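Observations on the model geometry
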Amino acid sequence: QVQLVESGGGLVQAGGSLRLSCASSGSTISTYAMGWFRQAPGKEREFIAAVSRSGGNTHYADSVKGRFTISRDNAKNMVYLEMNSLKPEDTAVYYCAATPAYTTWSIKTGDYNYWGQGTRVTVSS
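The structure reproduced in this document is the subject of the present report. (Residues numbered from 1 in each chain as written. Predicted model: local features only at pLDDT ≥ 70, side-chain atom pairs only at ≥ 80, totals over all residues. Heavy atoms only, no water.)

1. A look at the sheet that holds strand β7 (residues 68-73)
Taken together, the 4 strands give an open sheet; going across it, the order is β1-β3-β8-β7, and neighbouring strands pair in antiparallel fashion. In the strand order of this sheet, the two ends are held by β1 (3-7) and β7, each with one partner. Ignoring which end each strand starts from, the neighbouring axes of this sheet average 15° apart. Both β7 and strand β8 (residues 78-83) contribute to a ladder of 6 bridges, which runs antiparallel. Its bridge partner lying in β8, isoleucine 70 is registered against leucine 81. (Pairing = 2+ DSSP bridges. Helix = DSSP H or I, 4+ residues; strand = E, 2+ residues; numbered from the N terminus. Axes fitted to C-alpha atoms, helices over the stretch in contact; angles between N-to-C directions.)

Written out as structure tokens, the structure reads:
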């Protein structure tokens, strides 16, 4: 079992930056591939970024590629999402998720067993 808690969301102007953090407890995250997802009002939850267990492999949705960076610190049981050049369309609740089933990553919400409660990001124009 792993418990995930996101933080770092808030209100930012377009073009600005935020760094989201995901703290894990209950189990070391080194045995989990980790992902970030987001859900905007009225829309389905969508994949944003994922990182392999070791941190050596990452994958991004096209919509955030080049602007967002996912990273992890297994010693601290932390996962991060650095978000730059934010756009109003990035407004959503952002979720951290963990899956033990993949060494590298998955983009499917159904593959992730554990989820945080989410942190809200609002980007104003």
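2. Observations concerning the pattern of salt bridges
Scanning the entire structure with this criterion turns up 5 salt bridges. One salt bridge connects arginine 19 with glutamate 82, and the closest N-O pair in it is separated by 3.8 Å. Note that arginine 19 is positioned in strand β3 (residues 18-25) and glutamate 82 in strand β8, a separation of 63 residues in sequence. (Salt bridge = Lys/Arg side-chain N within 4 Å of Asp/Glu carboxyl O.)

3. Topic: the packing of aromatic side chains
All chains considered together, the criterion is met by 6 aromatic pairs. Ring plane angle 80° and centroid distance 5.8 Å describe the contact between tyrosine 32 and tyrosine 114, whose orientation is recorded as edge-to-face. Residue tyrosine 32 is located in the loop between β3 and β4 (33-39), and its partner tyrosine 114 is located in strand β10 (residues 114-115); the two are separated by 82 residues in the primary sequence. When the ring of phenylalanine 37 is compared with that of tyrosine 112, the centres are 5.1 Å apart and the planes differ by 75°; the resulting orientation is edge-to-face. With phenylalanine 37 in strand β4 and tyrosine 112 in the loop between β9 (92-99) and β10, this residue pair connects regions lying 75 residues apart in the sequence. This pair shows no difference in class: phenylalanine 37 is buried, exactly as tyrosine 112 is. Three or more aromatic residues joined by ring pairs make a cluster, and in this case those are Phe37, Phe47, Tyr95, Tyr112 and Trp115. Stacked on the ring of tyrosine 95, the Lys or Arg arginine 45 has its end atom at 3.7 Å from the ring centre. A cation over an aromatic ring shows up here: arginine 45 above the ring of tryptophan 115, its NZ or CZ 4.8 Å from the ring centre. (Phe/Tyr/Trp six-rings, centres within 6.5 Å; stacked < 30°, edge-to-face > 60°. Buried < 20%, exposed > 50% of the residue type's maximum accessible area, 1.4 Å probe, protein only. Lys NZ or Arg CZ within 6 Å of the ring centre and 35° of its normal.)

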